[in-house]
Amino acid sequence: MEVPFNPLDRQYFMFQKEYEEKALKVLRKGWYILGEEVEAFEEEFARYVGADYSIGVDNGLNALVLSFRALGIGPGDEVIVQANTFIATVMGITMNGATPVFVEPNEFHNLDSKKIEEKITGKTKAICVVHLYGQATNMDQILKLCEKYSLKLVEDCAQSHGARYKGQMAGSFGDLACFSFYPGKNLGCFGDGGAITTRHKELRDKLRMLRNYGSQVKYQNEEVGYNARLDELQAGLLRIKLSHLDDLTQERADLAQRYLEEMKNDKIELPKVDGDCSSVWHLFVVMTEDRDRLMSHYQKNGIKTLIHYPIPPHLSNAYKPLGYQEGDFPITESLAQKVLSIPLFNGMTKEEADHVIRVTNAYQ
Ligand SMILES: *Cc1c(COP(=O)(O)O)cnc(C)c1O
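The rules behind these values
- Residues numbered from 1 in each chain as written.
- Predicted model: local features only at pLDDT ≥ 70, side-chain atom pairs only at ≥ 80, totals over all residues.
- Heavy atoms only, no water.
- Buried < 20%, exposed > 50% of the residue type's maximum accessible area, 1.4 Å probe, protein only.
- Helix = DSSP H or I, 4+ residues; strand = E, 2+ residues; numbered from the N terminus.
- Pairing = 2+ DSSP bridges.
- Axes fitted to C-alpha atoms, helices over the stretch in contact; angles between N-to-C directions.
- Near = heavy atom within 4 Å.
- Polar contact = N/O pair within 3.5 Å; in protein donor to acceptor, adjacent residues only side chain to side chain.
- Areas by Shrake-Rupley, 256 points an atom, 1.4 Å probe, with all protein chains shown as cover.
- 1 Å grid on protein atoms, 1.4 Å probe; cavity = no way out; pocket = protein on both sides within 12 Å on 5 of 7 lines; lining within 4 Å.
- Points joined across faces, edges and corners; volume = space filled by probe spheres on them.
- Nonpolar A, V, L, I, M, F, W, Y, C, P; charged D, E, K, R; others polar.
- Domains from an automatic or database assignment.

Trainee: Explain the pairing of strand 12 (residues 284-287) to me, please; I cannot follow it from the model alone.
Mentor: Here is the key point about a regular strand: its side chains alternate between the two faces of the sheet. The two faces of strand 12 match: Phe284 and Val286 on one face and Val285 and Met287 on the other face are all buried. Pairing of strand 12 with strand 13 (residues 339-342), which is carried by four bridges, proceeds in the antiparallel orientation. Within the sheet, the bridge partner assigned to Val285 lies in strand 13 and is Ser341.

Trainee: Can you help me understand the sheet that holds strand 8 (residues 176-180) in this one?
Mentor: Two modes of strand pairing occur in sheets, parallel and antiparallel, and in both the strands are linked by backbone hydrogen bonds. Taken in spatial order, the seven strands make up an open sheet running 1-9-8-5-4-2-3, and their pairing is mixed. Each edge of the open sheet carries a strand with a single partner, namely strand 1 (53-57) and strand 3 (99-103). Here the average twist between neighbouring strands, direction ignored, is 25°. In this sheet, strand 8 lies alongside strand 5 (residues 152-156) in parallel orientation, the contact comprising three bridges. Pairing of Asp156 across the sheet is with Cys178, part of strand 8.

Trainee: Even after reading the chapter, I still don't get the site of the ligand, so can you show me in this structure?
Mentor: Neighbouring residues of the ligand: 13 residues in total, closest Gly60, Asp156, Gln159, Ser180 and Lys185. Here Leu61 contributes a backbone N or O atom positioned 2.9 Å from an oxygen atom of the ligand. Across the complex, the protein chains shield 91% of the 380 Å² of accessible surface that the ligand would expose by itself. Contributions of two or more residues to the shell around the ligand are made by helix 4 (60-70) and helix 5 (87-94). Residue contributions to the shell around the ligand peak at three residues, all from helix 4.

Trainee: What is the right way to read empty space enclosed by the protein from this model?
Mentor: Rolling a probe over the atoms, with the probe sized like a water molecule, indicates the empty space that remains. Applying the stated rule across the entire model yields six cavities of 30 Å³ or more. What the largest cavity holds in volume is close to 120 Å³. Taken together, 13 residues form the lining of the largest cavity, with His109, Tyr133, Gln135, Pro271 and Lys272 sitting closest to its centre. Taken together, the residues that form the lining of the largest cavity break down as nine nonpolar, three polar and one charged. Residue assignment places the lining of the largest cavity across two domains, with domain 1 (9-243) and domain 2 (245-362) each supplying three or more. Empty space within the second largest cavity amounts to approximately 110 Å³. Asn84, His308, Tyr309, Thr332 and Ala336 are, among the 14 residues lining the second largest cavity, the residues nearest its centre. Ranked by residues supplied to the lining of the second largest cavity, first place goes to helix 11 (residues 330-338) with three residues. Partitioned by chemical class, the residues of the lining of the second largest cavity number 10 nonpolar, four polar and no charged. Here the lining of the second largest cavity spans two domains, and each of domain 1 (9-243) and domain 2 (245-362) adds at least three residues to it.

Pasting the structure below:
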């Protein structure tokens, strides 16, 4: 039996009729950029997250780039960020000329709040938390540190649409929170897309301007901005998926629950969830000492797996100029050797999940 990693056609066919009707409606309307669908999606998404405003943008990376820019973070400024993230988080910081200051993660793969304070300097302007793999970060200490040192808080919610800390949704804690709607994300569109949520009206206005050439009134440009807009077609399709997101999240949670209860293998460490946090299971990440061997075991049994992520940003060629070496972040580097993501996706059949569990338990 073959089990793919994340076949996106499954969730398309779940709501095929709704998607196709919406696509035709937008195509026939003749208005494709910054219109009714984007405005309606922005309102619905802000309400969903529990933020006051949301700003649609063209992808998750640009959500981050525009966020640090809107906060005035640039050359000479430092941003604290976890070392074990997808590299786009770090690019959002460095593309503004600011310096990332890496902190090791805790046992839940999220920012370890005990290790932040020692990294704060006179140059620190913000903390960036990444709710990695779909699990919300434990926010208590982080919020206190932001207050104590007057730091801005930016959330990277690209993997955590709908995850909660003490009942409050990720994306409603930060001054700004960045989302990606890349097709493989939990709330994915059919191309590239992203959004920023905030409770600050002045940041909302600034971000609306930055995403559109620095202009609010046509042909009046206040700053050198970007073209980073979400389009009408993606916004319309996102409204449909958002209306089903809670059900899709529940389906993932049910699959994760089965995995956690039924997978039993001394050689494979299952993911843990912090008691105050919920996960929307963007990824189901196990850990093992001999990952190559486990990967080929899954492969031999028709199961596709992936690694998120094999090279931490501080060791990537892109960040050689920062001057880090192997051994600088031992926890992050060890995780990069051990983590393996196994299939968990919307539309997964019972037989597929049974097979993944059986093959996991049979590994020796
Ligand atoms: C996917 C992702 C991004 C980037 O989003 P894109 O829409 O692909 O640009 C940023 N941060 C994290 C943690 C991600 O997983």
